[in-house]
Amino acid sequence: MSRKVLVLPGDGIGPEIMAEAVRVLESLQHGGLDIELVHALVGGAAYDAAGTPLPAETLRLAREADAVLLGAVGGPKWESIDIALRPEKGLLGLRSELGLFANLRPAVLFPQLASASTLRAEVVAGLDIMIVRELTGGIYFGQPRGVRVRADGEREGINTLVYRESEISRIARVAFEIAMKRGRRVCSVDKANVLECTGLWREVVTTVGRDYPEVALTHMYVDNAAMQLVRAPRQFDVIVTTNMFGDILSDEAAMLTGSIGMLPSASLDAARKGMYEPIHGSAPDIAGRGVANPLGTILSVAMMLRYTFERADLALRVERAVEAVLARGLRTADIYTDGCTRVGTAEMGAAVAAALDS
Ligand code: IPM
Ligand code: MG
């Protein structure tokens, strides 16, 4: 029986980059990969068509699918609508409804791109970090939340940072399991010197760590982690952290690799069903111009093959195809450096698909 992939292009550059990921998937289908692609709307595109960023039909298809491939959501067009109906709610709703609590965000430097980083090549050479971000809890989802009027008439905004022990231990376990297959080092990032909630985080991660004596566990405050990431990023192997700290640190780590346009992500549930998406956003400033980098989305396809479909062989083929194209000097604008060949979104996608077939 063929397995289903729900394709959600979303907004901004989403449709352009997704077209290239689909091109790569189709080329794998021709090569014998038995999957069926189903398409639906999410984010601003869904709001425009159906008045909600996460239509019931999209959620139904997402539940039915084995994996979801998402482009990006959001844009200035929807910034003035009620926060409950914003495109981002489509993404957050999918994460929470599907129970995708483990967000894996690798920050890997392709050797061909060492000079595209704003950091010196010797600082980032060989960089290979896996950020494990908790994705369905913390301040993103904590109650109470909102803006209310106080008794004295002044308004106040509230969000709540809350983690249950079980939420912390399950994400810690994911991080330790991943570390066992890599460099066997986990750095847990918190703000335990100020926030009680992350004091508990530190305690629970330490307890889970006792089940993994081969893994060296360290703890770091988030402000220091932000600094260490740009000072000496290669000290990190696996970083495990809360939803919001992970959001921030993963953007920072992405920049070390030269471009946020390169990086994929996987959001997994307990049974390894997953949603896969590039970590960059919808980039409305360049949407529709055919210049966006599709490699983050194509590498998200590779993660999908590896984690949900357990086809590490095909994942590697996709990753090698991307490397081959970079080695030939093809670059989208975001990763362009002197002497390379500047290409658009479709040309880049076609080059990867061709490298796959060869
Ligand atoms: C991300 C994004 C999202 C987040 C937004 C679009 C809701 O920044 O996936 O990192 O904050 O999680
Ligand atoms: Mg983010």
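Cut-off values and rules
- Residues numbered from 1 in each chain as written.
- Chains lettered and ligands numbered in written order.
- Predicted model: local features only at pLDDT ≥ 70, side-chain atom pairs only at ≥ 80, totals over all residues.
- Heavy atoms only, no water.
- Helix = DSSP H or I, 4+ residues; strand = E, 2+ residues; numbered from the N terminus.
- Polar contact = N/O pair within 3.5 Å; in protein donor to acceptor, adjacent residues only side chain to side chain.
- Contact = heavy atoms within 4.5 Å.
- Pairing = 2+ DSSP bridges.
- Axes fitted to C-alpha atoms, helices over the stretch in contact; angles between N-to-C directions.
- Parallel < 35°, antiparallel > 145°, perpendicular 65-115°, else oblique.
- Left-handed = near helix turned anticlockwise from the far one by under 90°.
- Core = buried A, V, L, I, M, F, W, Y, C linked by side-chain atoms within 4.5 Å.
- Buried < 20%, exposed > 50% of the residue type's maximum accessible area, 1.4 Å probe, protein only.
- Domains from an automatic or database assignment.
- Expected span 1.5 Å × (residues − 1).
- Buried area = accessible area lost by both parts, 1.4 Å probe.
- Salt bridge = Lys/Arg side-chain N within 4 Å of Asp/Glu carboxyl O.
- Near = heavy atom within 4 Å.
- Areas by Shrake-Rupley, 256 points an atom, 1.4 Å probe, with all protein chains shown as cover.
- Nonpolar A, V, L, I, M, F, W, Y, C, P; charged D, E, K, R; others polar.

1. Some words on the side chain of Ser 117
Secondary-structure assignment places Ser 117 in the loop between β4 (102–108) and α5 (121–124). Of the polar contacts made by the side chain of Ser 117, one reaches the backbone nitrogen of Leu 119; its length is 3.0 Å. Sequence-distant contacts of Ser 117, defined by excluding residues within four places in its chain, comprise Val 124, Met 255, Leu 256 and Gly 258.

2. Regarding the sheet that holds strand β9 (residues 216–221)
Taking strand neighbours across the sheet as the criterion, the 10 strands line up as β2-β1-β3-β12-β11-β4-β5-β10-β8-β9 in an open arrangement whose pairing is mixed. If you trace the sheet from one side to the other, it starts and ends with β2 (35–39) and β9, each paired once. With direction set aside, neighbouring strand axes in the sheet form an average angle of 20 degrees. One ladder, built from five bridges, connects strand β1 (residues 3–10) with β2; its direction is parallel. Its bridge partner being in β2, Val 5 is matched across the sheet by Leu 37. Packing against the sheet, helix α4 (residues 87–97) makes contact with β1, β3 (67–72), β4, β5 (128–134) and β12 (274–278), and its axis sits at approximately 150 degrees to β12.

3. Focus: the packing of helix α6 (residues 165–180) against helix α7 (residues 196–209)
Closest axis-to-axis distance for the α6/α7 pair is 9 Å, and the angle between their directions is 50 degrees. Judged on the interaxial angle alone, α7 and α6 are oblique. Our pair here, α6 against α7, has a crossing hand that is right-handed. Note on element contacts: α7 touches α6 through Leu 200, Trp 201, Val 204, Val 205, Val 208 and Gly 209, opposite Glu 165, Ile 168, Ser 169, Ile 171, Ala 172, Arg 173 and Phe 176.

4. Here's the deal with the nonpolar core
Ranked by internal contacts, the top residues of the largest apolar core, which has 91 residues, are Leu 104, Val 132, Met 262, Tyr 276 and Leu 305. In terms of residue count, helix α10 (residues 295–307) provides more of this core than any other element does, nine residues in total. Looking at which domains feed residues into this core, each of domain 1 (1–101 + 269–358) and domain 2 (110–263) gives three or more. Setting aside chain neighbours within four positions, we find Met 262 in contact with Phe 110, Leu 113, Asn 293, Leu 295, Gly 296, Leu 299, Leu 326 and Ile 335. Membership of the second largest hydrophobic core comes to 18 residues, among which are Leu 8, Leu 54, Ala 62 and Val 68.

5. Points about helix α12 (residues 345–357)
Note on helix geometry: an α-helix contains 3.6 residues per turn, so any two residues three or four positions apart are oriented the same way. An ideal rise of 1.5 Å per residue puts 18 Å on 13 residues; α12 measures up with 19 Å between its terminal C-alpha atoms. Taken as a whole, α12 has its buried residues at Thr 345, Met 348, Gly 349, Ala 351, Val 352, Ala 353 and Leu 356. Turning to α12, the residues buried within the fold contact α1 (14–30), α10, α11 (312–327) and β13 (330–331).

6. Things to note about the domain arrangement of the protein chain
Assigned domains of the protein chain: these are domain 1 (1–101 + 269–358) and domain 2 (110–263). Placing the centre of domain 1 and that of domain 2 at their C-alpha centroids yields a distance of 23 Å. Taken together, the contact between domain 1 and domain 2 spans 24 residues of the former and 26 residues of the latter. On the domain 1 side of the contact with domain 2, Arg 95, Phe 101 and Ile 279 bury the most area, a combined 35% of that side's loss. Across the contact surface, domain 1 and domain 2 share zero salt bridges. Viewed at the interface, domain 2 and domain 1 are joined by five residue pairs in polar contact (both at pLDDT 80 or more).

7. Observations concerning the site of ligand 1
In the vicinity of ligand 1, the contacting residues are Glu 88, Leu 91, Arg 95, Arg 105, Arg 133, Tyr 140 and Asp 247. One nitrogen or oxygen atom from the side chain of Arg 95 is found 2.7 Å from an oxygen atom belonging to ligand 1. One of the side-chain nitrogen or oxygen atoms of Arg 105 is found 2.8 Å away from an oxygen atom of ligand 1. For ligand 1, whose accessible area on its own is 320 Å², the fraction buried by protein is 76%. Looking at the shell around ligand 1, its residues break down into two nonpolar, no polar and five charged.

8. A short note on unusual backbone geometry
Omega for the bond connecting Gln 143 with Pro 144 falls within 30 degrees of zero, at -5 degrees, which places this linkage in the cis form. As for its position among the elements, Pro 144 is in the loop between β5 and β6 (146–149). One non-glycine residue, Ala 283, adopts positive backbone phi at about 40 degrees. When you line up the elements, Ala 283 lands in the loop between β12 and α10. Look at Ala 283 and you get partly exposed, because its relative accessible area is 23%. Backbone geometry at Glu 310 places phi at a positive 50 degrees, although glycine is not the residue there. Summarising the element assignment, Glu 310 is placed in the loop between α10 and α11. On the basis of relative accessibility, which here comes to 63%, the residue Glu 310 falls in the exposed class.

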